[in-house]
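So the chains spell out like this:
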Amino acid sequence: MTARHDINAEPHAPQQYRTLFISDIHLGTRGCQANLLLDFLKHNESEELFLVGDIIDGWRLKSGWHWPQAHNDVVQKLLRRVRKGTRVVFIPGNHDEFARDFLGMEFGGVEVIDHVVHETADGRKMLVVHGDQFDIVVNHARWLAHLGDWAYDFAIWTNTWFNAGRRKLGLPYWSFSKWAKLKVKNAVNFIGDFEEALAAEARKRGVDGVICGHIHHAVIREIDGVTYVNTGDFVESCTAIAEHFDGRLELIHWGLLEAERAGQTKVVTLALPEPMIETATARKAATRG
């Protein structure tokens, strides 16, 4: 006897959420996972959508133009969301800081705001901000930040070739840079300090938590009574944060395209041990034998 569980079944309609939070897309860079993001947007919709910074990478575009059709498709997809009635809010980050000159304005219906306090369905108040304001390196050693950005881009370029082989095997995107970041002591300490600083800011403002991006490390956790949420990114992690209609926050990983999910074995067969499924009659027969 077997138990069957369909782990990759596609819904007939997009999954509906109250709110979606996405950050660090980095349109304009070769590491941007635009096709995965388009696939995510196709299968997930919301009443509100917050773009939590570093959506367009102005730093990289200054040094060399890279804008394939998929990146343009992302922009068009987001604008289409506005036309369909979704409230879309853009909170600029350090890589698209040029947009901070347009705070309070709207472009194609997309609101440009420095930060916002979002109230969840269950009444929690969450500060939504990109987070670069709390990064000492970005604020006080800009040259070092740019140097680190160059090294990061090199790591992403390496990942691109490595993951080309993984995709042929039907495996999801795996990030060497993300793995290394979590193995280097100084990087781990930086992540911890960043999280503590954002939690302290939320506490200072009297809100229940904070939703941010910037460091490409997706997580939902409690820090001394404050809910710290990081959306991650669509370069390394391919993650987003979803708020359900009851206010519950969920971290979503989106590592495969629809066609790749369909190419995988859709049905997992689990063989159950016979003693777990035998009938009473069978047990008696076995006893008599």
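The structure we're discussing is the one just above.
To start, this report covers the structure provided alongside it.

What counts as what
- Residues numbered from 1 in each chain as written.
- Predicted model: local features only at pLDDT ≥ 70, side-chain atom pairs only at ≥ 80, totals over all residues.
- Heavy atoms only, no water.
- Core = buried A, V, L, I, M, F, W, Y, C linked by side-chain atoms within 4.5 Å.
- Buried < 20%, exposed > 50% of the residue type's maximum accessible area, 1.4 Å probe, protein only.
- Helix = DSSP H or I, 4+ residues; strand = E, 2+ residues; numbered from the N terminus.
- Contact = heavy atoms within 4.5 Å.
- Pairing = 2+ DSSP bridges.
- Axes fitted to C-alpha atoms, helices over the stretch in contact; angles between N-to-C directions.
- Right-handed = clockwise from strand over helix to strand, strands pointing away.

Most often, soluble globular proteins have nonpolar side chains that are buried together. Counting 30 residues, the largest nonpolar core has I22, L37, F40 and F234 as the members making the most contacts within it. Breaking this core down by element, the ones donating at least two residues are β2 (15–22), α1 (34–43), β3 (44–51), α3 (69–83), β4 (87–90), β6 (110–112) and β12 (239–243). Those residues in contact with F40 that lie beyond four places of it in its chain are L20, I22, F234, A240, I252 and W254. Listed in part, the 15 residues of the second largest apolar core include V129, L198, A199 and V207.

Right, let's talk about the sheet that holds strand β10 (residues 219–223) for a bit. Strand order in this open sheet of five strands is β7-β8-β9-β11-β10, and the pairing throughout is mixed. At either end of the open sheet lies a strand with only one pairing partner, and these are β7 (116–119) and β10. On average, adjacent strands in this sheet sit at an angle of 25° to one another, irrespective of strand direction. Bridging between β10 and strand β11 (residues 226–230) involves five bridges; their strand directions are antiparallel. Looking across to β11, one finds that I220 is bridged to V229.

Here we take up the pairing of β3. Summarising burial for β3: seven of the eight residues are buried, a large majority. Pairing of β2 with β3, which is carried by seven bridges, proceeds in the parallel orientation. Note on β3: the bridge partner recorded for I22 is L51. You can see the chain leave β2, run along α1 and come back into β3, and the turn it takes is right-handed.

That's the geometry; what it means functionally is another story.
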